[in-house]
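Topology and contacts: notes
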Amino acid sequence: MTATMSPEQAQPVAVESTGRRSSALRPGKSRVLTGVMVLYVIYTLIPLVWLVISATKTQTDLLSTAGLAPGHSFALFSNIKETLTYRDGIFLRWFANTLLYVVVGAGGATLLSTAAGYGLAKYRFPGRRAVFAVVLGAIAIPPTALAVPTFLMFSNMGLTNTVWAIIVPSLVSPFGLYLMWVYAEEAVPQELLEAARIDGAGEFRIFWTVSLRLLAPGVVTVLLFALVSTWNNYFLPLIMLSKPNLYPLTVGLTQWSNQAHGAGAHPVYNLVVTGSLLTIVPLIVVFFLLQRFWQSGLSAGSVKQ
Amino acid sequence: MKIGHRRRFRRLGLILAALTASTLILAGCGGSGGSGSANDSGGTKASPQALDAALKKGGTITYWTWTPSAEAQVKAFMVEYPNVKVNLVNAGTGNDHYTKLQNAIKAGSGAPDVAQIEYQALPQYALPGYLVDLRQYGLDSLESDYTPSTWRAVHVGDGLYGLPQDSGPMAMFYDKTVFDKYHIDVPKTWDEYTAAAKKLHAADPKEYITNDSGDPGFTTSMIWQAGGKPFTTDGKKVTINLQDEGSKKWTAVWNPLVQQGLVSQIPGWSDEWFKGLANGTIATMIYGAWMPGVFESSAPGGSGNWRVAPMPTYDGQPATAENGGSTESVIKQSKNPALAAAFVRWLNNGNGIKPFLEKGGFPATVKDLKDPSFVNKPDPYFGGQQVNQVLTAAADSVVPGWSYLPFELYANTIYGDTAGKAYQAKSDLNGGLQAWQDALVKYGNQQGFEVNK
């Protein structure tokens, strides 16, 4: 998914730096930078183009024709049909699992990060600095390094091989919390909160009706990050789950891909490729729908003081 | 409540990770071998009739496998024994499957009743006492039904830890169109094989006699064929000698091929490799007898091009090794081991064999290997050649006396990082094997074995 993010990210940066150099308000034009941009766009789009083209090929064509050239027959629809029905339609089951993990996991993570970040930004209480240190420390530790200890803990609690093994860890998003914290510091003026309190609103009402609206761009940013990381979550479900019925798409597709190995090998690359394409479609849709919020969320706070 | 839990989780996780991540990871991944012993041969000895009774009584068992014919087999089984319900689970292929199996066994619950285990992985599960010794159900009486090499493969020490599902006596699969095009004779010895490799690559630099980028399964099978016995296990005592006569005999043949760039570096089972099967840039494949099924299901583009010949040998006399192959074993965690054992017996000694063969499997049972309708069946993929004549003959000439390491799966995973470097650098494979051995000795001793002591 970084493929679709990157152009979005790169564009404002490029414009900004040319603007600064010409020290004028109109955006300057630079052939070199435009050229670099074009190359970058091609670089990020080629894997996607490859994926789309490959999804139209049969297993035989995949192995006998060049990657970016079309196959001998157009098999996209038969591939999709086969992907959705292969092994009693387990792909759909994986799709539903992924949706569940994303809605509950990423949704919950966003909610918790927002509430916690807001609370840490706007309330003074003992232990705040300790929490700050823990959150910063948590960002520094890659989730992969925590996967095995998490597995051992969950295994002791008898939670492996359940949906909770995936949902509970994805509820925790130190980076989201930190982002919401910083964002809430800037986006919600203390004066506004005091005004609301004088008007007699309770703290929860202030959070839900006043602050949350001001925090919306930040919330969308956190939601998108959580969404992408939960959607692409691979290592944790890989070690937590052994029931194929609970797999998310990432692990399921890897299983299909790995069956092209050893005695009894039965490669279904066409289904792996088509399945991958189907897997990223929802993410692309979400990005298109939410990118406006997301962009404003990225730049918000960078100028306001 | 929920939030309190969450915080505790996170803080605990953080503290654990920050302070002891490395030790925990070690504890999580290691500690598989060594502890415990295979002491389950005792206990009450049940008769084969007990298995029949279990089948009659019925129940539910879970079966983990990636065998392509499993679905058909389980269906047929449940038709025959309507009282028994078999939950078929494909938990992954090869290492994915083993990781999950190991985790479930360690966790104390969630393991299947019956699991597919490759021969090379069997000691790793049998030695710590994870598997049921099937002698207690009298299945050791089935010895004469199987080829000697597969029967040996399902034993660890004296214990019987499964029944052979298939066998993989090695043969040489070659692309006849390529051999015809460059007027090369099908090699019978390794010297002829090397000569063919040179001639082929000289005629067209895009063509390679075969591919090898460092495949531990292939290496061990090649050493096996050369008469090497680099791994011996006696209780906790393990000896590793990858510089024995057989190992050196193999590297003497393979070194020049690798060093002169006569074998392609395409990794086996990659999509490029499947391409090679279809378009003839890889001219021979030396693999187990299960390979025809792979060809047919995965490289329809190569249909008609390929033929089978006996594996080249050092002296022209037939000699081969096993490559791959699996058993089905009963996991100790099973709550109904008698029913599980009965299912294994049905799968690999009863009516389960037929659906297995129909999906292109290669049997381990003598009766099926001798069955004229199997042996003489022409295979259209191989241009009508009666491939099973070659393959069943190979089953009779497996060099005896081989055994795998009690931590073979781990050994396989580090092969690329140690011996694999020699392939990339096109340097002496003996040095690579020595590096592999050093790493294995170190690991084995850490796991509580006494390696080379």
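Residues numbered from 1 in each chain as written. Chains lettered and ligands numbered in written order. Predicted model: local features only at pLDDT ≥ 70, side-chain atom pairs only at ≥ 80, totals over all residues.

**Quick notes on the sheet that holds strand β3 (residues 114-118) of chain B**
All names here are of chain B. Pairing is mixed across the open sheet formed by 5 strands, whose spatial order is β2-β1-β3-β12-β6. Whereas interior strands pair on both sides, the edge strands pair on one side only; in this sheet they are β2 (84-89) and β6 (163-164). Summarising the sheet, strand β1 (residues 59-64) and β2 pair through 6 bridges and their orientation is parallel. Pairing of T62 across the sheet is with N87, part of β2. (Pairing = 2+ DSSP bridges. Helix = DSSP H or I, 4+ residues; strand = E, 2+ residues; numbered from the N terminus.)

**A word on helix α9 (residues 190-198) of chain A**
Along α9(A), only 0 of the 9 residues are buried, which leaves the element largely exposed. Looking one or two places after α9(A), you find A:G200, whose phi comes out positive at around 100°. (Buried ≥ 20, exposed ≤ 12 C-beta atoms within 10 Å, placed from the backbone.)

**Let's talk about the interface of chain B and chain A**
Taken together, the contact pairs 47 residues of chain B with 36 residues of chain A. Elements supplying a minimum of two residues to the side of chain B that touches chain A: α1 (2-29), α4 (95-107), α11 (271-279) and α12 (291-298) of chain B. If you tally residues by element for the side of chain B that touches chain A, the top one is α1(B), at 13 residues. Along the lines of polarity and charge, the residues of the side of chain B that touches chain A split into 20 nonpolar, 19 polar and 8 charged. (Contact = placed C-beta atoms within 7 Å. Nonpolar A, V, L, I, M, F, W, Y, C, P; charged D, E, K, R; others polar.)

**Here's the deal with the confidence of the model for chain A**
Taken residue by residue, chain A gives an average pLDDT of 85. The fraction at 70 or more is 87%. Taken together, the stretch residues 1-23 of chain A has pLDDT below 50 and engages in 28 contacts with residues farther than four places along the chain or on a different chain. (pLDDT = per-residue confidence, 0-100.)

**Here we look at the pairing of strand β12 (residues 326-330) of chain B**
Residue and element names in this part refer to chain B. In terms of residue burial, β12 counts as a mostly covered element, since 5 of its 5 residues are buried. Burial along β12 is two-sided: S326, E328 and V330 facing one way and T327 and S329 facing the other are all buried. In the sheet, β3 pairs with β12 via 5 bridges, with the strands oriented antiparallel. Bridging from a neighbouring strand, I117 pairs with T327 of β12. Across 2 bridges, the pairing between β6 and β12 is antiparallel. Bridge pairing links L163 to E328 in β12.

**Structural notes on the nonpolar core**
Counting 128 residues, the largest nonpolar core has B:A171, B:A341 and B:F343 as the members making the most contacts within it. The greatest single-element share of this core, amounting to 9 residues, is contributed by helix α13 (residues 337-349) of chain B. Looking at this core, you find at least three residues from each of domain 1 (48-167 + 325-370) and domain 2 (171-321 + 396-451) of chain B. Excluding anything up to four places from it in sequence, B:A341 contacts B:L51, B:V132, B:L134, B:Y137, B:L139 and B:V330. A:W181, A:Y183, A:L236 and A:V268 belong to the second largest nonpolar core, which has 57 residues in total. (Core = buried A, V, L, I, M, F, W, Y, C linked by C-beta atoms within 7 Å. Domains from an automatic or database assignment.)

**Considering the packing of helix α5 (residues 128-140) of chain A against helix α8 (residues 174-187) of chain A**
The packing of two helices is summarised by the inter-axis angle and the distance between the axes. Residues and elements named next belong to chain A. The contact between α5 and α8 brings their axes to 8 Å, and the two run at 130°. Between α5 and α8, the interaxial angle falls into the category oblique. Along this stretch, α5 crosses α8, giving a crossing that reads as left-handed. Contact residues: V135, A138 and I139 in α5; P174, F175, L177 and Y178 in α8. Of the residues assigned to the contact of α5 with α8, the class counts are 7 nonpolar, no polar and no charged. (Axes fitted to C-alpha atoms, helices over the stretch in contact; angles between N-to-C directions. Parallel < 35°, antiparallel > 145°, perpendicular 65-115°, else oblique. Left-handed = near helix turned anticlockwise from the far one by under 90°.)

**So, the environment of A:S54**
All names here are of chain A. When you line up the elements, S54 lands in helix α2 (residues 31-54). Measuring from C-alpha to C-alpha, the distance between S54 and A115 comes to 44 Å, with 61 residues separating the pair along the chain. Here S54 is in contact with L62 and V273, once residues within four sequence places are set aside.

**Focus on the environment of B:N452**
Tracing the backbone shows B:N452 in the segment after β13 (450-451). With 167 residues separating them along the chain, B:N452 and B:M285 place their C-alpha atoms 34 Å apart.

**Details of the domain arrangement of chain B**
Residue and element names in this part refer to chain B. You can read the domains of chain B as domain 1 (48-167 + 325-370) and domain 2 (171-321 + 396-451). Look at where the C-alpha atoms of domain 1 and domain 2 centre, and you get two points 28 Å apart. At the junction of the two partners, domain 1 supplies 16 residues and domain 2 supplies 14 residues. Every element with two or more residues in the side of domain 1 that touches domain 2 is listed here: α4, α5 (122-126) and α6 (148-153). Residue classes in the side of domain 1 that touches domain 2 are distributed as 6 nonpolar, 8 polar and 2 charged.

**Some details on the sheet that holds β13(B)**
Residues and elements named next belong to chain B. Within the open sheet, the 3 strands sit side by side as β8-β9-β13. Their pairing is mixed. Every other strand in the sheet has two partners, leaving β8 (231-234) and β13 as the edge strands with one partner each. Inspection of the sheet shows β8 paired to strand β9 (residues 237-240) by 4 bridges, in the antiparallel sense. Considered in β9, the bridge of T233 is made with V238.

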